[in-house]
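# Coordinate inspection notes
Now for the letters of each chain:
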Amino acid sequence: MSSRTGEGLAHGRPAAGDASGPDGSELARARGSGRLARREEGLLALLSPNERARLEPTLTNALTVEKGRYLTLIGPNRLLQVRPRMTGSLTAKPGDEGELIVHASYTTAYAFDALPSEARRPADIVPFLRDEQDYVIRKAPPFAKADAGLGFGEGAGYHSNMACDAIKTGILAPQYADKSKPVDGAIAVDEADTYDPTKPLPSTGNCA
């Protein structure tokens, strides 16, 4: 299981453009055009001042695994012309005085394009991300003004059917694109737990 403190808004992690190449060269071009910067700024604008200050260095600096925990960064493998599919739920409960905790439990599937020779089954082209994430809304008083607003709480995540070499750099890529292991060598996972956000979060993904 990959522990994730603070992942995603909107559908969990707003897609942030392509990150082609091991150095994220396409990601750099997206930044230069302002396309990626607008998405980063949009995420930061939702947060309380102190939470924004905490995350701004991560979100505005170069590609890192940590950055990939907040934004879904797509590599050179192109997505199909369909939107990512999501299923899940939101629940709310009171926290400490002046706090509301919103818990998001959801699964997102990303369908990638592939040549017939590259993929042997649907799982080879559709990575799944499962997230269990708390968002904390605080008001002032009793909190200081800089802490009032939206922040990230505890979170955990699980991934399957993705390229392990890419995810180690913070990039999402389909399983068939993994250069570190053949598709036939992918670790088997429980599909029901993988796809169903009402099930307990699995402990092992295909990159274990």
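Within every chain, residues take consecutive numbers counted from 1 along the sequence as written. pLDDT decides what is reported in this predicted model: residues at 70 or higher carry local features, side-chain atom pairs at 80 or more are listed and counted, and totals for whole chains, interfaces and linings draw on all residues regardless. No hydrogens and no water enter the side-chain calculation; it runs on all heavy atoms of the structure.

Looking now at the packing of aromatic side chains. Stacked, edge-to-face and tilted labels apply to pairs of Phe, Tyr and Trp rings (six-membered ring for Trp) whose centres lie within 6.5 Å, assigned for plane angles under 30 degrees, over 60, and everything in between, in that order. In this structure the tally under the stated criterion is two aromatic pairs. Between the aromatic rings of Tyr70 and Phe152, the centroid separation amounts to 5.5 Å while the plane-to-plane angle is 70°, which identifies the pairing as edge-to-face. Taken as a pair, Tyr70 in the loop between α3 (49-60) and β3 (72-74) and Phe152 in strand β7 (residues 149-160) lie far apart in primary sequence, 82 residues in all. The exposure classification of Tyr70 matches that of Phe152, with both residues buried. Where helices and strands are cited, they refer to DSSP runs of H or I of at least four residues and of E of at least two residues respectively, numbered from the N terminus. Whether a residue is buried, partly exposed or exposed follows from its accessible area with a 1.4 Å probe, protein chains only, as a fraction of its type maximum: under 20%, in between, or over 50%, in that order.

Among the nonpolar cores identified, the biggest contains 18 residues, and Leu47, Leu55, Leu59, Tyr70, Tyr135 and Phe152 are the most heavily contacted of them. Of all elements in the fold, only α2 (35-45), α3, β5 (99-109) and β7 reach the threshold of two or more residues within this core. Within the second largest apolar cluster, seven residues are counted, among which are Ala111, Val126, Tyr176 and Ala177. Nonpolar core, defined: a set of buried Ala, Val, Leu, Ile, Met, Phe, Trp, Tyr and Cys residues in which side-chain atoms within 4.5 Å join the residues together.

This brings us to the pairing of β7. Burial runs high along β7: 10 of the 12 residues are buried. Inspection of the sheet shows strand β6 (residues 128-138) paired to β7 by 10 bridges, in the antiparallel sense. When the sheet's bridge partners are listed, Gln133 is paired in β7 with Gly155. Two strands qualify as a pair provided DSSP detects at least 2 bridges between them.

We now examine the confidence of the model for the chain. As a per-residue quantity, pLDDT reports the predictor's confidence and falls between 0 and 100. The predicted model of the chain has a mean per-residue pLDDT of 78, with 74% of residues at 70 or higher. Here strand β1 (residues 2-3) stands out as the least confident element of the chain, with mean pLDDT 32; β5 is the most confident, with 95. Residue contacts follow a heavy-atom distance rule, with two residues in contact if any of their heavy atoms lie within 4.5 Å. Counting interchain partners and residues more than four positions distant, the pLDDT-below-50 stretch residues 1-12 has 61 contacts. Contacts of residues 14-33 to residues separated by more than four positions or lying in other chains number 49 contacts, the stretch itself having pLDDT below 50.

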